[in-house]
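Understanding the architecture of this molecule
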Amino acid sequence: MERPREVEVENNNNNPSSSASALIGGGVRQQWPTIDGPLGLSESDSLWYARNFFIFGFFLLPLLWGVNCYLFWPVLRRSTSFPHLRPYIVRSAIAFSVFTAILGSWAITFIVGGERLFGHTWDELVMYNVADKYGLTGWI
């Protein structure tokens, strides 16, 4: 059975934003779990990807949580769509937000604080002194 396609219904006024959309072969508007619509994944494939992106995000790959939120943005935006898929996407969004807050606060601490905040241990924390510390700059 072929999936219904969206078509634009002609409207008498010339405003393109006021034209209504309809479906061929059904009265319900088709919803897609991924941002690429009908070209994207099926619901069963989407569940597999969303679950794996969420789980692998814990294995030092938190960027996958952000990818999960981006790829499944329609699920994140509509609270009533895809009830089996939504928990993984919402948890990925929460985890990515927490990770971003922690990483951002860590980066801001080093940028703003610097040597004034860390004192003499600053020389051991910064990476640009590693080559000098191990004598790797003598050949230049």
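Before any of the text, the structure's been laid out above.
Predicted model, so just to flag it, every value in this text is computed and none were measured. (Residues numbered from 1 in each chain as written. Predicted model: local features only at pLDDT ≥ 70, side-chain atom pairs only at ≥ 80, totals over all residues. Heavy atoms only, no water.)

1. Description of the environment of Arg78
Counting through the fold element by element, Arg78 comes out in the loop between α3 (73–77) and α4 (86–118). Judged by its relative accessible area of 25%, Arg78 falls in the partly exposed class. When residues no more than four places from it in sequence are discounted, the contact partners of Arg78 are Gln31, Trp32 and Arg86. (Helix = DSSP H or I, 4+ residues; strand = E, 2+ residues; numbered from the N terminus. Buried < 20%, exposed > 50% of the residue type's maximum accessible area, 1.4 Å probe, protein only. Contact = heavy atoms within 4.5 Å.)

2. Description of helix α1 (residues 43–56)
An ideal rise of 1.5 Å per residue puts 20 Å on 14 residues; α1 measures up with 20 Å between its terminal C-alpha atoms. On its buried face, α1 sits against α2 (63–71) and α4. (Expected span 1.5 Å × (residues − 1).)

3. So, the nonpolar core
In terms of nonpolar packing, the biggest core is built from 13 residues, with Ala50, Phe72, Val75, Leu76, Leu85 and Ile89 touching the most fellow members. When residues of this core are traced back to their parent elements, those giving at least two are α1, α2, α3 and α4. Counting residues per element, this core draws most heavily on α4, which supplies four residues. If we ignore the near neighbours within four places in the chain, the residues touching Ile89 are Ala50, Asn68, Cys69, Phe72, Val75 and Leu76. (Core = buried A, V, L, I, M, F, W, Y, C linked by side-chain atoms within 4.5 Å.)

4. Description of the packing of α1 against α2
Two elements in contact, α1 and α2, have axes separated by 8 Å at closest approach and are oriented at 155°. Classed by the angle they form, the pair α1 and α2 counts as roughly antiparallel. Here α1 runs over α2; the crossing is left-handed. Here Ala50, Phe53, Phe54 and Phe56 of α1 come into contact with α2, specifically with Leu64, Trp65, Val67, Asn68 and Leu71. Looking at side-chain class alone, the contact of α1 with α2 contains eight nonpolar, one polar and no charged residues. (Axes fitted to C-alpha atoms, helices over the stretch in contact; angles between N-to-C directions. Parallel < 35°, antiparallel > 145°, perpendicular 65-115°, else oblique. Left-handed = near helix turned anticlockwise from the far one by under 90°. Nonpolar A, V, L, I, M, F, W, Y, C, P; charged D, E, K, R; others polar.)

5. Describing the packing of aromatic side chains
Scanning all chains against the criterion turns up eight aromatic pairs. Ring geometry for Tyr49 versus Phe53: centroids 6.1 Å apart, planes at 65°, classification edge-to-face. Taken as a pair, Tyr49 and Phe53 lie in helix α1 at a separation of four residues, close to a single helical turn. Judged by relative accessible area, Tyr49 falls into the partly exposed class, the value being 32%. A network of ring pairs unites the aromatic residues Phe54, Phe58, Trp65 and Tyr88 as a single cluster. (Phe/Tyr/Trp six-rings, centres within 6.5 Å; stacked < 30°, edge-to-face > 60°.)

6. Here we look at unusual backbone geometry
The residue Phe82 is not glycine, and still its phi comes out positive at about 55°. Along the chain, Phe82 falls in the loop between α3 and α4. For Phe82, a relative accessible area of 11% translates into the label buried.

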